[in-house]
Amino acid sequence: MSDNSLMSLNDARARLLATVTPLARTEVIDLLAADGRVLARDLISTMQMPPCDCAAMDGYALRVAGVPADGAVLTVSQRIAAGQTAVPPLTPGSAARIFTGAPLPAGADAVVMQEDAQSLDDGARVRIAAPPRVGQHVRSAGEDIARGATIVHQGERLLPASLALAASIGLARVEVAAPPRVALFCTGDELVMPGSVAPQDLPPGRIYDSNRYFLRALLPRLGCQVDDLGVVPDRLDATVAALDRAAQTHDLILTSGGVSVGEEDHVKPAVRQLGQLDLWRIAVKPGKPFAFGQLRRADGGHCYFTGLPGNPVSGFITFLLLVRPLLLRLQGATRLDEAAVPLRADFDWPKPGNRREFLRVRRNTEGGLDLHPSQGSAALAALHWADGLVDLPAGQPVARGDKVSYLPLAEWLA
Ligand code: AMP
Ligand code: MG
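**Considerations on the environment of Pro 68**
Move 1: Tracing the chain through its elements places Pro 68 in the loop between β4 (59-62) and β5 (72-80).
Move 2: A relative accessible area of 71% places Pro 68 in the exposed class.

**Some words on the side chain of Asp 346**
Move 1: On the secondary structure map, Asp 346 appears in the loop between β22 (341-345) and β23 (356-363).
Move 2: When residues no more than four places from it in sequence are discounted, the contact partners of Asp 346 are Asn 364, Gly 368, Leu 369, Asp 370 and Arg 400.

**Some remarks on the packing of aromatic side chains**
Move 1: Within the structure shown, the criterion is met by four aromatic pairs.
Move 2: Summarising the aromatic geometry, the rings of Phe 214 and Phe 316 are spaced 5.1 Å apart at their centres and angled 70° between planes, so their arrangement reads as edge-to-face. Taken together, the positions of Phe 214 in helix α3 (residues 211-221) and Phe 316 in helix α6 (residues 312-330) put the pair 102 residues apart, joining distant regions of the chain.
Move 3: Accessibility expressed as a relative area gives 11% for Phe 214, which makes it buried.
Move 4: Phe 316 gets classed as buried once you look at its relative accessible area, which sits at 10%.
Move 5: With 5.8 Å between their ring centres and 40° between their planes, Trp 280 and Phe 292 make a pair best called tilted. Of this pair, Trp 280 sits in strand β18 (residues 275-281) while Phe 292 sits in strand β20 (residues 289-296); the two residues are twelve residues apart in sequence, bridging distant segments of the chain.

**Notes on the sheet that holds strand β21 (residues 302-308)**
Move 1: If you walk across this open sheet you meet the six strands as β16-β13-β17-β21-β20-β18, and the pairing is mixed. Edge positions in the open sheet fall to β16 (225-231) and β18, since each of these has one partner strand only. On average, each strand axis in the sheet is inclined to that of its neighbour by 15°, with strand direction left out of account.
Move 2: Of the pairings in the sheet, the one linking β18 to β20 comprises seven bridges and is antiparallel in character. Counterpart to Gly 275 in the pairing with β20 is Leu 295.
Move 3: The sheet strands contacting helix α4 (residues 236-249) are β13 (181-186), β16, β17 (252-256), β20 and β21, and the helix crosses β20 at an angle near 70°.
Move 4: Sheet strands touched by helix α5 (residues 267-274): β17, β18, β20 and β21. Its angle to β18, the strand with the most contacts, is close to 135°.

**A few points about the sheet that holds strand β9 (residues 125-128)**
Move 1: Taken together, the six strands give an open sheet; going across it, the order is β7-β4-β6-β5-β9-β8, and neighbouring strands pair in mixed fashion. Single-partner strands in this sheet number two, and they are β7 (110-113) and β8 (117-120). Between one strand axis and the next, the sheet turns through 40° on average, direction left out of account.
Move 2: Here β8 pairs with β9 via four bridges, running antiparallel. Across the sheet, residue Ala 117 finds its bridge partner in β9, namely Ile 128.

**Describing helix α1 (residues 9-19)**
Move 1: Along α1, the residues classified as buried are Leu 9, Ala 12, Arg 13, Leu 16 and Leu 17. With its buried residues spanning 120° around the axis, α1 presents them on a single face.
Move 2: Each element contacted by the buried residues of α1 is listed here: β18, β19 (284-285), β20, α6 and β23.

**Some points on the pairing of β5**
Move 1: Both β5 and β9 contribute to a ladder of four bridges, which runs antiparallel. Residue pairing across strands places Thr 75 opposite Arg 125, the latter belonging to β9.
Move 2: The sheet contact formed by β5 and strand β6 (residues 94-98) spans five bridges and is parallel. Residue pairing for β6: Gln 78 is matched across the bridge by Ala 96.

**Re the side chain of His 372**
Move 1: Within the element layout of this structure, His 372 appears in the loop between β24 (368-371) and α7 (380-385).
Move 2: Its relative accessible area of 14% is what places His 372 among the buried residues.
Move 3: There is a polar contact of 3.0 Å between the side chain of His 372 and the backbone nitrogen of Ser 374.
Move 4: Sequence-distant contacts of His 372, defined by excluding residues within four places in its chain, comprise Arg 360, Ala 382 and Trp 385.

What counts, and at which threshold
Residues numbered from 1 in each chain as written. Chains lettered and ligands numbered in written order. Predicted model: local features only at pLDDT ≥ 70, side-chain atom pairs only at ≥ 80, totals over all residues. Heavy atoms only, no water. Helix = DSSP H or I, 4+ residues; strand = E, 2+ residues; numbered from the N terminus. Buried < 20%, exposed > 50% of the residue type's maximum accessible area, 1.4 Å probe, protein only. Contact = heavy atoms within 4.5 Å. Phe/Tyr/Trp six-rings, centres within 6.5 Å; stacked < 30°, edge-to-face > 60°. Pairing = 2+ DSSP bridges. Axes fitted to C-alpha atoms, helices over the stretch in contact; angles between N-to-C directions. Arc of directions from axis to C-beta. Polar contact = N/O pair within 3.5 Å; in protein donor to acceptor, adjacent residues only side chain to side chain.

Spelled out as structure tokens, the structure:
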């Protein structure tokens, strides 16, 4: 690759992921604390679900052969509540009053819901509107989960439904990937932390550090433990010392800013001194510059390095497209991206650029996509407004009505 040529996003991603090997560290944690974590070992059920045949409705358990015709009247021989353990078999020719989730008595093969039955003689007998079919409103033993079944696979992220599923088979603790340890630095002498200077006192040329805020929010969502190391020191030797120290105890050093051509802070020379650095110019908009490298560690290992572009929208989107998959790969996740959905563009984009572009869009109530008028790489208001990105190939114009590839941000941020 010559110095001036651009690399495709797919190539950049492939190179990055080819370099990154999952961390071998795992930990066993309480299931209640496992939301969003990547599973390190298959979850295998030692029981079947439901554990036994049970009622799916409130009503009457009976044997279908004992209901010869519409309106048959049966004796109610027992009452079975959910949670009841000792259930006597069904007296032949009778019905059992039963409630949702309660075990079916031996001999019963269907449940008639109470809306299709009429209680007689203070509940001593019941009239069944019509003969049910065998198995009606019965959840059979093992129909949801067989004993020995793998219910969640290694490499899957645990989401609220997976946690409930694991709990339903009696698991209290799960083995998950240990959190990647991420050290975060921002670069830029212009940056000021909100709260340190009031907006009316902000000197010309200074801006508030906004990238730190989305990074501090995104990293924990991806199961990472973050150490915010502030801004890069203003001397090279101090920067080398800070990066070297961070590399010893972190899996990734993530920086924001300072990766553009001609940008002179100390991060690039410091990473080069401590290991190896690639500066990529990626054919993507927003977000062209990206740095990827590794720092040597005293124990013979290494710490990855990623440098995001400083423009907020560029940094945000580059994080989702390159750093997010890296962090998921470190945790051994099998799925590194969320699916794109084809949706109708309710906008025109007549003059496409020569780089693949990610446009800030939002779904409208007609099922199409609206485009934010401001597509600048610093336009945070547009990013806030957007609920997704259109992934537009280089050179491809969009006319109203075209199908485009939509990435739902909510899924990428989960
Ligand atoms: P850079 O990538 O350092 O050349 O920065 C590109 C643009 O992003 C410049 O206008 C910077 O002022 C701005 N920028 C860099 N870092 C941040 C940050 N942490 N928060 C907000 N804007 C930033
Ligand atoms: Mg800068």
